[in-house]
Amino acid sequence: LSVIIGTVCAIYSTALQTWYRGASETYAEQKASMAVQRMVPDLQQGMAVTAASSPYESVCIAVQLPAKAYDTGQQAYLNQLAVDTDGRPYLVQGDFVVYYRGDGEGNIDVDGDRVWRRVVRASDGATVKEQTIADHVVDNPVDDSGYAKPMFIYWPDIYRLRSVEVTVTVRERYGNRTATKTMNGELSLRNN
């Protein structure tokens, strides 16, 4: 009976450790992926991108979105258009969306454990909305330069199609197992 109970306990313990490892890997991957995917619509709609000044240039980026107006006929918010003096249409500039790494209170912090999304009104700089889109964020893996890869890299030139590369690394612990997953995406600004 002791041998049977010992064998069952060993099998159960191994299965539980495997489950903890799989769960922590899954949760870490989901959080990193959801953070990058949350940024996709804002970056694709972006009219302009501004990186933060030193020392926050690698962990903070601001994207200006087109102004929106509600169309009752289509029952949707649509980009506002205006016409310049030559008769050419252009998008009207709207609010900013700021993505940054920060602490639990929403303060920007290069060592913070969260990724925040803040909507800032263009007219007066007031915060309209603020939310955490990922927690348990850690430094990205080291790249070819020997330093941790920046969370945001903006290429303003036409050769990279005015794109933003986003890299988010999340470390998740479940049970006694820890997993770290990194997600990366590069998006071109559609409305610049």
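Residue positions within a chain follow its written sequence, with the count starting from 1. Confidence filtering applies because this is a predicted model: local features only for residues at pLDDT of at least 70, side-chain atom pairs given and counted only at 80 or more, and all residues used for totals across whole chains, interfaces and linings. Side-chain measures here rest on the full set of heavy atoms in the structure, leaving out hydrogens and waters.

Caption draft 1: Structural detail: the overall build of the chain. Numbering of helices and strands starts at the N terminus; helices are DSSP runs of H or I of at least 4 residues and strands are runs of E of at least 2. Along its length, the chain carries one helix and 13 strands. Reading the secondary structure of the chain in the N-to-C direction produces α-β-β-β-β-β-β-β-β-β-β-β-β-β. When its C-alpha atoms are laid out on the principal axes, the chain stretches across 90 × 45 × 35 Å. Partly exposed residues are those whose accessible area sits between 20% and 50% of the maximum for their type, while under 20% is buried and over 50% is exposed, using a 1.4 Å probe and protein chains only. Counting every position in the chain, which comprises 192 residues, the buried fraction comes to 32%. Throughout, a residue-residue contact means that at least one pair of heavy atoms, one from each residue, lies within 4.5 Å. The long-range share in the chain, meaning contacts at least 24 apart out of those at least 6 apart in sequence, stands at 50%. Here the Shrake-Rupley method, with its probe set to 1.4 Å, supplies the accessible areas, and only the displayed protein chains count as covering residues. Carbon and sulfur atoms form 52% of the exposed surface of the chain, whose accessible area is close to 11,400 Å².

Caption draft 2: Structural context of the side chain of Thr167. Structurally, Thr167 can be placed in strand β12 (residues 163-174). Of the polar contacts made by the side chain of Thr167, one reaches the side chain of Asn184; its length is 2.6 Å. Thr167 has contacts with Asn140, Lys149, Pro150, Met151, Thr182, Met183 and Asn184, leaving out every residue within four places of it along the chain. Pairs of N or O atoms are called polar contacts if they sit within 3.5 Å, as long as, within protein, a hydrogen donor faces a hydrogen acceptor (for residues adjacent in sequence, only side-chain-to-side-chain pairs).

Caption draft 3: Examining the environment of His136 more closely. Secondary-structure assignment places His136 in the loop between β9 (127-135) and β10 (137-138). For the pair His136 and Arg114, spaced 22 residues apart in the sequence, the C-alpha separation amounts to 6.2 Å. Setting aside residues up to four positions removed in sequence, His136 forms contacts with Lys31, Asp113, Thr169, Val170, Arg171 and Glu172.

Caption draft 4: A look at the sheet that holds strand β7 (residues 93-102). Two strands qualify as a pair provided that DSSP identifies no fewer than 2 bridges between them. Ordered by their spatial adjacency, five strands build an open sheet running β1-β2-β7-β8-β9, and the pairing between neighbours is antiparallel. In this open sheet, the two edge strands, each paired with only one partner strand, are β1 (48-51) and β9. On average, each strand axis in the sheet is inclined to that of its neighbour by 20 degrees, with strand direction left out of account. In this structure, strand β8 (residues 114-120) lies alongside β9, joined through seven bridges in antiparallel fashion. When the bridges of β9 are listed, Arg118 appears paired with Glu130. Axes here mean lines fitted to C-alpha atoms, for a helix over just the part in contact, with angles spanning 0 to 180 degrees between N-to-C directions.

Caption draft 5: Quick look at the nonpolar core. What is meant by a nonpolar core is a set of buried Ala, Val, Leu, Ile, Met, Phe, Trp, Tyr and Cys residues, joined one to another through side-chain atoms within 4.5 Å. One finds Met39, Val115, Val166 and Val168 to be the most contacted residues of the largest nonpolar core, which totals 26 residues. Those elements that provide at least two residues to this core are α1 (2-45), β2 (60-66), β7, β8, β9 and β12. Of the residues forming this core, the biggest block, seven residues, is contributed by α1. For Met39, the contacting residues outside a window of four places in its chain are Tyr99, Val115, Ile133, Phe152, Val166 and Val168. Grouped together as the second largest cluster of nonpolar side chains are six residues, Ala62, Val98, Trp116 and Val120 included.

Caption draft 6: View of the pairing of strand β3 (residues 68-71). Sheet topology note: the β3/strand β4 (residues 76-79) ladder contains four bridges and is antiparallel. When the bridges of β4 are listed, Ala69 appears paired with Leu78. Taken together, β3 and the strand that follows it, β4, pair antiparallel across an intervening segment of four residues, in which Gln75 is found at a positive phi of about 50 degrees.

Caption draft 7: Summary view of the pattern of salt bridges. By convention in these notes, a salt bridge is any Lys or Arg side-chain nitrogen within 4 Å of a carboxyl oxygen on Asp or Glu. Within this structure, the stated rule accounts for 11 salt bridges. The partner of Arg101 in a salt bridge is Asp139, with the nearest N and O atoms 2.8 Å apart. Note that Arg101 is positioned in strand β7 and Asp139 in the loop between β10 and β11 (152-155), a separation of 38 residues in sequence. A salt bridge links Glu130 to Arg118; its shortest N-O distance comes to 2.3 Å. Residue Glu130 is located in strand β9, and its partner Arg118 is located in strand β8; the two are separated by 12 residues in the primary sequence. With a relative accessible area of 23%, Arg118 lands in the partly exposed category. Because the salt bridges share partners, they merge into one network encompassing Lys31, Asp135 and Glu172.

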